[in-house]
Amino acid sequence: MYHILAAAPLAAGVNTQGLVSYLQSLFGPLFLGIVGIVALFFLFTREITKFVQFIVLAVLIAVVFYTPGIVQALATGVASALGVH
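Predicted model, so just to flag it, every value in this text is computed and none were measured. (Residues numbered from 1 in each chain as written. Predicted model: local features only at pLDDT ≥ 70, side-chain atom pairs only at ≥ 80, totals over all residues. Heavy atoms only, no water.)

Peer 1: Would you take a moment to explain the overall build of the protein chain for this structure?
Peer 2: Helix and strand content of the protein chain: four helices and zero strands. In the protein chain, buried positions account for 8% of the 85 residues. Total accessible area on the protein chain is roughly 7,300 Å²; 76% of this is exposed by carbon and sulfur atoms. (Helix = DSSP H or I, 4+ residues; strand = E, 2+ residues; numbered from the N terminus. Buried < 20%, exposed > 50% of the residue type's maximum accessible area, 1.4 Å probe, protein only. Areas by Shrake-Rupley, 256 points an atom, 1.4 Å probe, with all protein chains shown as cover.)

This is the structure:
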């Protein structure tokens, strides 16, 4: 029995696609709920400037959270624009 387990080949890489989708489905509604509550707070206290700043920041965080490949694309674009290889 131990020989079979010891001779089993190791996986070449860890597949985290299931983990990513699980975390997105877990934290997505929580994130949207918190954003909605805080946005309503800023609207009811009539702090429009803080409301706009918060919404812009929330949209940027949501873009990074829901499309994580955009960070790599931006980093590659900035590096190539700066001439770093």
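There is more to say, and it comes next.
Peer 1: Quick question: what am I supposed to make of the pattern of salt bridges here?
Peer 2: If charged atoms from side chains of opposite charge come close, those side chains can pair. Considering all chains together, one arrives at one salt bridge under this definition. With its nearest N and O atoms 3.3 Å apart, the salt bridge here joins Lys50 to Glu47. With relative accessibility at 46%, the residue Lys50 sits in the partly exposed group. (Salt bridge = Lys/Arg side-chain N within 4 Å of Asp/Glu carboxyl O.)

Peer 1: Quick question: what am I supposed to make of the packing of aromatic side chains here?
Peer 2: The relation between two aromatic rings is expressed through the spacing of the ring centres and the mutual angle of the planes. Under the criterion given, the structure shown has two aromatic pairs. Between Phe41 and Phe42, the aromatic rings sit 5.8 Å apart at their centres with planes inclined by 55°, giving tilted as the arrangement. Given a relative accessible area of 15%, Phe42 falls into the buried group. Geometrically, the ring pair formed by Phe42 and Phe54 is edge-to-face, given 5.9 Å between the ring centres and 65° between the ring planes. Of the two residues, Phe42 sits in helix α2 (residues 17-44) while Phe54 sits in helix α3 (residues 48-66), which places them 12 residues apart along the sequence. Accessibility assignment for this pair places Phe42 and Phe54 in one class, buried. Clustering of aromatic rings is evident, with ring pairs tying together Phe41, Phe42 and Phe54. (Phe/Tyr/Trp six-rings, centres within 6.5 Å; stacked < 30°, edge-to-face > 60°.)

Peer 1: Explanation requested: a nonpolar patch on the surface in the structure shown.
Peer 2: A grouping of Leu19, Tyr22, Leu23, Leu26, Phe27, Leu30 and Ile34 is seen on the molecular surface, where their side chains present a nonpolar patch of about 660 Å² in accessible area. Note on placement: Leu26 falls in helix α2. For Leu26, a relative accessible area of 42% translates into the label partly exposed. (Patch = residues over 30% accessible without salt bridge, like charges linked within 9 Å, V, L, I, M, F, W, Y side chains within 5 Å.)

Peer 1: Whenever I open this one, α3 confuses me. Can you help?
Peer 2: What sets the pattern is the α-helix's 3.6 residues per turn: residues three or four places apart point alike. Its 19 residues give α3 an end-to-end C-alpha distance of 26 Å, which sits within 8% of 27 Å, the value for a rise of 1.5 Å per residue. Buried within α3 we find Phe54, Ala58 and Ala62. One side of α3 holds all its buried residues, which, seen down the axis, span an arc of 70°. Seen from the buried face of α3, the exposed residues on the opposite side, beyond 90 degrees, are Thr49, Gln53 and Leu60. (Expected span 1.5 Å × (residues − 1). Arc of directions from axis to C-beta.)

Peer 1: Help me understand helix α4 (residues 69-82) in this model?
Peer 2: The first and last C-alpha atoms of α4 sit 20 Å apart over 14 residues, in line with the 20 Å expected at 1.5 Å per residue. Gly83 lies just past α4 and shows a positive phi near 85°.

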